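Close look at the chain arrangement
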Amino acid sequence: MDEFSISVLELLLFPEHFNNIVDECRMNTTRHIVGDVLKTLLHDGLVSPLIREEDGNFQRSIGYDSDDMEAFYYQITAKGIDILSAHNQVN
């Protein structure tokens, strides 16, 4: 897995809004690149899309709108944590 994907995964231990991911990414990037990386991580089952309910709690979304990434929050999955953990053990 490339360093950019790892840097995005590291931000997602807690639910993060798309804009926060773009702002907090430690690598120089654009919204389009972050969106593409998130789409790949979602496809690979390493990240889950979440929606924020009126009471402030998060609920896993069945799907997401790839044209409106800002409508969702994102959080690393157990599979993503395993990948991140394995990467950190190597480095």
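Heads up: these notes are all about the structure in this document. (Residues numbered from 1 in each chain as written. Predicted model: local features only at pLDDT ≥ 70, side-chain atom pairs only at ≥ 80, totals over all residues. Heavy atoms only, no water.)

Details of the side chain of Ser48
Selection rule: Each helix corresponds to a stretch of at least 4 residues labelled H or I by DSSP, and each strand to a stretch of at least 2 residues labelled E; elements are numbered beginning at the N terminus. Note on exposure labels: buried denotes an accessible area under 20% of the residue type's maximum, exposed denotes more than 50%, and partly exposed covers the range between, all computed with a 1.4 Å probe on protein chains only. We define a polar contact as two N or O atoms separated by no more than 3.5 Å, with the added condition that, inside protein, one atom must be a possible hydrogen donor and the other a possible acceptor, whereas residues neighbouring each other in sequence contribute only through side-chain atom pairs. Residue contacts are defined here by distance: any two heavy atoms, one from each residue, within 4.5 Å place the two residues in contact.
On the secondary structure map, Ser48 appears in strand β2 (residues 47-52). The class of Ser48 is buried, set by a relative accessible area of 7%. One polar contact links Ser48 to Arg60, side chain to side chain, over a distance of 3.4 Å. Residue contacts for Ser48: discarding those within four places in its chain leaves Leu42, Arg60, Tyr73, Tyr74, Gln75 and Thr77.

Some thoughts on the pattern of salt bridges
Quick note on the threshold: Definition used for salt bridges: Asp or Glu carboxyl oxygen within 4 Å of a side-chain nitrogen of Lys or Arg.
Applying the stated criterion across every chain, the model contains 3 salt bridges. Across the salt bridge formed by Glu3 and Arg26, the nearest N and O atoms sit 3.9 Å from each other. Of this pair, Glu3 sits in helix α1 (residues 3-10) while Arg26 sits in the loop between α2 (18-24) and α3 (31-43), and the two are 23 residues apart along the sequence. For Glu3, a relative accessible area of 38% translates into the label partly exposed. Judged by its relative accessible area of 52%, Arg26 is exposed. When the shortest N-O distance is used, the salt bridge between Arg26 and Glu10 registers 3.3 Å. Residue Arg26 is located in the loop between α2 and α3, and its partner Glu10 is located in helix α1; the two are separated by 16 residues in the primary sequence.

Concerning the packing of α1 against α3
Filter applied, for reference: Only the contacting stretch of a helix is used when fitting its axis, a line to C-alpha atoms as for every element, and angles between N-to-C directions run 0 to 180 degrees. Should an angle lie under 35 degrees it is considered roughly parallel, over 145 roughly antiparallel, and from 65 to 115 roughly perpendicular; all remaining angles are considered oblique. In this classification, Asp, Glu, Lys and Arg are treated as charged, Ala, Val, Leu, Ile, Met, Phe, Trp, Tyr, Cys and Pro as nonpolar, and every other residue, Gly included, as polar.
Contact pair α1 / α3: the axes reach a minimum separation of 10 Å and the direction vectors enclose 80°. Judged by the angle between their axes, α1 and α3 are roughly perpendicular. Between α1 and α3, the residues in contact are Phe4, Ser5, Val8 and Leu9 and Ile33, Val34, Val37, Leu38 and Leu41, respectively. For the contact of α1 with α3, a count of residues per class yields 8 nonpolar, 1 polar and no charged.

Here's the deal with the environment of Thr77
Structurally, Thr77 can be placed in the loop between β4 (73-76) and α4 (78-90). When near neighbours in sequence (up to four residues on either side) are disregarded, Thr77 contacts Gly45, Leu46, Val47 and Ser48.

Considering the nonpolar core
Keep this limit in mind: What makes a nonpolar core is a set of buried Ala, Val, Leu, Ile, Met, Phe, Trp, Tyr and Cys residues whose side-chain atoms join them at distances within 4.5 Å.
Formed by 22 residues in total, the largest nonpolar core has its most connected members in Val8, Leu12, Ile21, Leu38, Val47 and Tyr74. Every element with two or more residues in this core is listed here: α1, α2, α3 and β4. A per-element tally of this core places α3 first, with 5 residues. If we ignore the near neighbours within four places in the chain, the residues touching Tyr74 are Leu12, Phe14, Pro15, Glu16, Phe18, Ile21, Leu38, Leu42, Val47, Ser48, Pro49 and Met69.

Just geometry here; none of it tells us what the structure is for.
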